[in-house]
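# Coordinates in review
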Amino acid sequence: MKPIKWTLLLTFLLLVGSVQAENYDLAAFIELVKKNSDDLKLAAKELEMAAAQKREAWATALPKISAEGNYRRNLLETYLYVDFPTADGSLVRQKFKITKNNEYTFTAALLQPIFSFKVGTALRAAKQYERMSQFIFQSSDQEIITFAKKGFYQALLLKRVWQLKEETVKNARENYNMVKKQYQAGLASEFQLYQAEVRWKNSIPEAQQARKNYELLLYNLKTLAGLDLEAQVDFVGNLEKVPPMPEPLSFDRIIENRPDYKAQLWEQKLRRTAVAAAKGEFLPTVDGTFAYAFSAQSDLWKLENKNNNFILGLKLSIPIFLGGYNIAQVQKAKIELDKSRLRLQKARKQIATELKSIYLRLDEAQKSIKAAESALQTAEKGFQIAQTSAQNGLITQLELKDARLQYDGARLNWYLAVYNYLDAYFDWQKAVGKVDELVE
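Before going further, it helps to spend a moment on the overall build of the chain. Of the regular secondary structure elements, the chain holds 9 helices and 8 strands. What you see for the chain is a C-alpha radius of gyration of 41 Å, clearly larger than the 22 Å of a compact globule of 440 residues, by over 25%. Referenced to the eigenvectors of the C-alpha coordinate spread, the extents of the chain come out at roughly 155 × 70 × 35 Å. Each of the 440 residues in the chain was classed as buried or not, and the buried ones make up 33%. Of the roughly 27600 Å² that the chain leaves accessible, carbon and sulfur atoms contribute 57%. The average position of the 62 basic charges and that of the 51 acidic charges among the side chains of the chain differ by 3 Å.

Following this line, the structure appears as structure tokens:
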């Protein structure tokens, strides 16, 4: 072989390798979603916000140190006027210069809260908010993973639909070519040839639409997983097997594993703390201070006439009347607490209803799978008989078309029944807190 042919062959192999699709099973796809999902990244920011609020709450309990330096230039002189008595009993006013051209001051102060009910409630609220945010993040994680699972198996379903439509086009084309030969040999009528051609050409748009649906879903899933939108991707999974019907679990065990319910529990605790914080506004606070003060004055650029002082103090603040503002804040906090209790009660009812609905869907889907299997076996046998009969001229092309449509429809119904079961099963996993378990 000439060198140029070797070069062309190598180039062809490289091109083939470059367009080879990357295969992802369910586990690999979910890992990509966890890593690249924008929704999960936003939820993670809430965790960072909770940590920042916790640090902010701790800051209210820690001492605060501040320092301040000042320089002042007096443009005019300031005097002190004093009346002095004289020997004859009259008063003589004299003035004394009390300022210098330059004044320097420096202060440093330490403020430490000694007693404040608000500090304790702020720390407790920050911890509760952090726990609530963690459960909200877990709930968001489960929502995204469940969505990813459904999308993964929906892609498998739409790929099967596309493949079936392509098979239909192929079989219709082969059947048309066979009838065309029979027509040319005088064994088939022009009407039979027309029927075969119409069936073949009508199947092409259906296959094109099926491919479009699959590629559009694939594009959305690549976006969800953070994959290159131009990359060739293929999902590898099993759409022929389904997990067994799950056993019912106790309601208490289910809600114990639900992060969304736990988030609402911690919200109720947070609201209860908010009521205590609002009531704490009626209580006094005590702060301790320790300060250092330095000052100097001079008509020159020097530190002269210096003074140093250390100051220790206590500050007691007692709120007496604020126009009813604190009372209104307590009322608002109690209302929010009552609302959180009602939401929690509503959530329990919704979870119970959700579970009942999921079990009904699972049962219905399981029965649909069994019915679809039986219908598929019957349709397959009928189509095989129809193919043989059509080849022998015993049935018309219209009858063969009907048999093929019934067979294709039975296959699609079976795949759809399997997907509907998996769709309900993934909802069950999320409802009972078992999202991390993958379908084998």
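With that out of the way, let us pick up the pairing of strand 5 (residues 102-115). Looking down a regular strand, the side chains alternate between one sheet face and the other. Relative to strand 5, strand 2 (residues 64-73) runs antiparallel, the two being bridged by 10 bridges. Looking at strand 5, one finds that serine 66 is bridged to alanine 109. Relative to strand 7 (residues 285-298), strand 5 is paired through 13 bridges, and the arrangement is antiparallel. The partner of asparagine 102 across the bridge, within strand 7, is serine 298.

We now examine the sheet that holds strand 5. With antiparallel pairing, 4 strands are arranged side by side in an open sheet as 2-5-7-8. The two strands at the open ends of the sheet, each matched to only one other strand, are strand 2 and strand 8 (307-317). Between one strand and the next, the sheet's axes are offset by a mean angle of 15 degrees, whatever the strand orientation.

Before going further, it helps to spend a moment on the packing of helix 2 (residues 26-36) against helix 3 (residues 38-61). The contact between helix 2 and helix 3 brings their axes to 6 Å, and the two run at 45 degrees. Put simply, helix 2 runs oblique to helix 3. Of the residues in helix 3, those in contact with Val33, Lys34, Lys35 and Asn36 of helix 2 are Asp38, Leu40 and Lys41. Tallied by class, the residues present in the contact of helix 2 with helix 3 amount to 2 nonpolar, 1 polar and 4 charged.

Below, the discussion takes up the pattern of salt bridges. Pairing between side chains becomes possible if they bear opposite charge and their charged atoms approach one another. Summed over the entire model, instances satisfying the criterion amount to 28 salt bridges. Glutamate 130 is paired through a salt bridge with lysine 54; the nearest N and O atoms lie 3.3 Å apart. Highlighted residues: glutamate 130 in helix 4 (residues 117-184) and lysine 54 in helix 3, separated in sequence by 76 residues. A salt bridge links arginine 361 to aspartate 423; the nearest nitrogen and oxygen atoms lie 2.7 Å apart.

Below, the discussion takes up unusual backbone geometry. Unlike most non-glycine residues, asparagine 305 shows phi in positive territory, near 50 degrees. Position of asparagine 305 relative to the elements: it lies in the loop between strand 7 and strand 8.

Right, let's get into the side chain of threonine 99. Turning to its location among the elements, threonine 99 is positioned in the loop between strand 4 (91-97) and strand 5. Aside from chain neighbours lying at most four places away, what touches threonine 99 is Asn74, Leu76, Glu77, Thr78 and Gln297.

By volume, the largest pocket amounts to about 290 Å³. The dominant element in the lining of the largest pocket, judged by the number of residues it contributes, is helix 5 (residues 190-225), at 6 residues. Broken down by class, the residue content of the lining of the largest pocket amounts to 7 nonpolar, 1 polar and 6 charged.

What follows concerns the confidence of the model for the chain. On average, the chain scores 86 in pLDDT, and the residues at 70 or more come to 94%. When pLDDT is averaged over each helix and strand of the chain, the minimum, 40, is found for helix 1 (residues 3-18) and the maximum, 94, for strand 2.

Cut-off values and rules
- Residues numbered from 1 in each chain as written.
- Predicted model: local features only at pLDDT ≥ 70, side-chain atom pairs only at ≥ 80, totals over all residues.
- Heavy atoms only, no water.
- Helix = DSSP H or I, 4+ residues; strand = E, 2+ residues; numbered from the N terminus.
- Rg over C-alpha atoms; globule rule 2.2 N^0.38 Å.
- Buried < 20%, exposed > 50% of the residue type's maximum accessible area, 1.4 Å probe, protein only.
- Areas by Shrake-Rupley, 256 points an atom, 1.4 Å probe, with all protein chains shown as cover.
- Lys, Arg positive; Asp, Glu negative; His and termini not counted.
- Charge placed at Lys NZ, Arg CZ, Asp CG, Glu CD.
- Pairing = 2+ DSSP bridges.
- Axes fitted to C-alpha atoms, helices over the stretch in contact; angles between N-to-C directions.
- Parallel < 35°, antiparallel > 145°, perpendicular 65-115°, else oblique.
- Contact = heavy atoms within 4.5 Å.
- Nonpolar A, V, L, I, M, F, W, Y, C, P; charged D, E, K, R; others polar.
- Salt bridge = Lys/Arg side-chain N within 4 Å of Asp/Glu carboxyl O.
- 1 Å grid on protein atoms, 1.4 Å probe; cavity = no way out; pocket = protein on both sides within 12 Å on 5 of 7 lines; lining within 4 Å.
- Points joined across faces, edges and corners; volume = space filled by probe spheres on them.
- pLDDT = per-residue confidence, 0-100.

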